[in-house]
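# Chains, contacts and geometry: an overview
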Amino acid sequence: MRFLLSLLVLVSLWNFSFAQSRSNQLIQVLVTPNKADWTYANNEEISFKVSVVKHQVPIQDADVSYTIGWEKMEPLQSGNLRVNGSEVQVGKPLKGENPGFIRCEVKYKYDGQEYRGIATAAISPDKIQPTQTLPNDFMSFWNKEIDALKNIALDPKMTLLPELSTATVDVYHVNFTNINNSRVYGILSKPKKAGKYPAVLQVPGAGIRPYAGMVSVAEKGLVTLQIGIHGIPVTHEAELYNSLSAGAIRSYPFFNLDDKDQYYYKRVYLGCIRAVDFLTQLEEVDKNNLTVWGGSQGGALSIITAGLDKRIKHLVALYPALSDVTGYLHNRAGGWPHMFNKQNAPFMATDAKIKNSAYYDVVNFARQVKVPGFYTWGYNDETCPPTSYYAAYNLINAPRDLYLVQETGHWTFQEQQDKILNWVLEKAKVKK
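A brief report on the enclosed structure follows.

The rules behind these values
Residues numbered from 1 in each chain as written. Predicted model: local features only at pLDDT ≥ 70, side-chain atom pairs only at ≥ 80, totals over all residues. Heavy atoms only, no water. Helix = DSSP H or I, 4+ residues; strand = E, 2+ residues; numbered from the N terminus. Rg over C-alpha atoms; globule rule 2.2 N^0.38 Å. Buried < 20%, exposed > 50% of the residue type's maximum accessible area, 1.4 Å probe, protein only. Contact = heavy atoms within 4.5 Å. Areas by Shrake-Rupley, 256 points an atom, 1.4 Å probe, with all protein chains shown as cover. Lys, Arg positive; Asp, Glu negative; His and termini not counted. Charge placed at Lys NZ, Arg CZ, Asp CG, Glu CD. Salt bridge = Lys/Arg side-chain N within 4 Å of Asp/Glu carboxyl O. Phe/Tyr/Trp six-rings, centres within 6.5 Å; stacked < 30°, edge-to-face > 60°. Lys NZ or Arg CZ within 6 Å of the ring centre and 35° of its normal. Pairing = 2+ DSSP bridges. Right-handed = clockwise from strand over helix to strand, strands pointing away.

## Focus: the overall build of the protein chain
Each helix and strand counted, the protein chain has 11 helices and 18 strands in total. Since a compact globule built from 432 residues should have a radius of gyration of about 22 Å, the 23 Å found for the protein chain is in line with a globular shape. Each of the three principal axes of the protein chain carries a C-alpha extent, and together these read 65 × 50 × 40 Å. Out of the 432 residues belonging to the protein chain, those deemed buried represent 57%. Of the contacts made within the protein chain by residues no fewer than 6 positions apart, 69% connect residues no fewer than 24 positions apart. For the protein chain, the accessible surface area stands at approximately 18800 Å², while carbon and sulfur atoms represent 48% of it. Looking at the protein chain, you have 45 positive and 40 negative side-chain charges, and the mean spots of the two groups are 4 Å apart.

## Observations regarding the pattern of salt bridges
According to the stated counting rule, one finds 17 salt bridges in the structure shown. A salt bridge links Arg116 to Glu105; its shortest N-O distance comes to 2.5 Å. Taken together, the residues span a long stretch of sequence, with Arg116 in strand β9 (residues 113–123) and Glu105 in strand β8 (residues 100–110) at a distance of 11 residues. Residue classification places Arg116 among the partly exposed positions, given a relative accessible area of 33%. Of the charged contacts in the structure, one is a salt bridge between Lys127 and Asp126, with a shortest N-O distance of 3.2 Å. Through salt bridges with shared partners, a single ionic network connects Arg274, Asp277, Asp309 and Arg311.

## Considerations on the packing of aromatic side chains
One pass over the full model with this rule turns up 28 aromatic pairs. Geometrically, the ring pair formed by Tyr263 and Tyr360 is edge-to-face, given 4.8 Å between the ring centres and 80° between the ring planes. Highlighted residues: Tyr263 in the loop between α4 (238–246) and α5 (264–280) and Tyr360 in the loop between α8 (351–357) and α9 (362–366), separated in sequence by 97 residues. On the basis of relative accessible area, Tyr263 is assigned to the buried category, the value being 3%. By relative accessible area, Tyr360 is classed as buried at 3%. Seen from the ring of Tyr359, Lys260 lies directly overhead, with NZ or CZ sitting 5.1 Å from the centre. Taking the ring centre of Tyr264 as reference, the NZ or CZ of Arg267 above it sits at 5.0 Å.

## Some remarks on the pairing of strand β18 (residues 400–404)
Alignment of strand β17 (residues 373–377) against β18, held across five bridges, turns out to be parallel. Across the sheet, residue Tyr375 finds its bridge partner in β18, namely Leu402. Running through helix α10 (residues 386–393), the crossover from β17 to the neighbouring parallel element β18 is right-handed.

Structure, rendered in structure tokens:
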């Protein structure tokens, strides 16, 4: 009982940090582009202004440093300036000749602490195209792997978790078979009342952690399955996951990329298909009303699952990772996990790894998506660069609802979370 309560607290805190903006700070460095929508045409003049406030009052004589340049690249401009109360222009105006994102970062030191602010100008983001290649055998490779799954017995197992269940929803720790005798683990939440329900598969962000399920969503009249990707139960104490994160599974996105058949994410991507297999064999699930939903790594897995599995009818993706990872090899930002950036390229940018990355890059799965999707992100994302996820988003030939909140980074406002849930409930035809 004590563990389950701890699990609820831990997951609630993680969800809270996922759904909220940066914590408020004593001092704010406010960087503002010269266009209200932060979006520019090619060769349109871009400039930034900065103000520094304490207690919401501008600070006089604030000495700041700044850099301006394409995201994740070396600065085009840098320097120092003094901010005297009102907004001050940062650096020189510039023009973006090509589609992409130019970021202004400003830092201010006060009483031993450093504070920073950023703003990112988008230049023709709808024109960004991928640098990643599309292998001739891309879909035949994945179709062969998915066909092989059909010969593996699902062997589903479910253990009721009464401490997490509610008056209207039963919650289970579940697992089922995947490739190489591995298993997928997750938390299933389903209404107690008999009937057919739409289902949501929630795919996880990066890292390793316990889960407590999407119980509140299930209470609205859906079956929900929240999965982990690492092939271990998802109800252990946090200490275990922390140890694995620091040890055996540290840097897992880089594991075995030399061989596309052994790369870490092969089991993960196929595990998402197995999760759909699991959901569709449940008698409570309406097999014609399935949604996949995730953010960051989960945003990638959402697009990937929808691209590979036609049983998925809707998708939700927040700032998808693993998108156009080869960007760095073409002098622009690449997607998380930044495997080919300046720091990692010396040991990652081999011919084999670059070639194999194409079989796992979101841009190539985005080409396969044919179902309606809800997408939300901002321009200030420093974890999953917007250059990378626009390279994927622009290839999707299906209905797309984009809720753009320019100032957000790798986080969301509650308003974004509310819009996601409302969209899911609307597509699932569930009363709000």
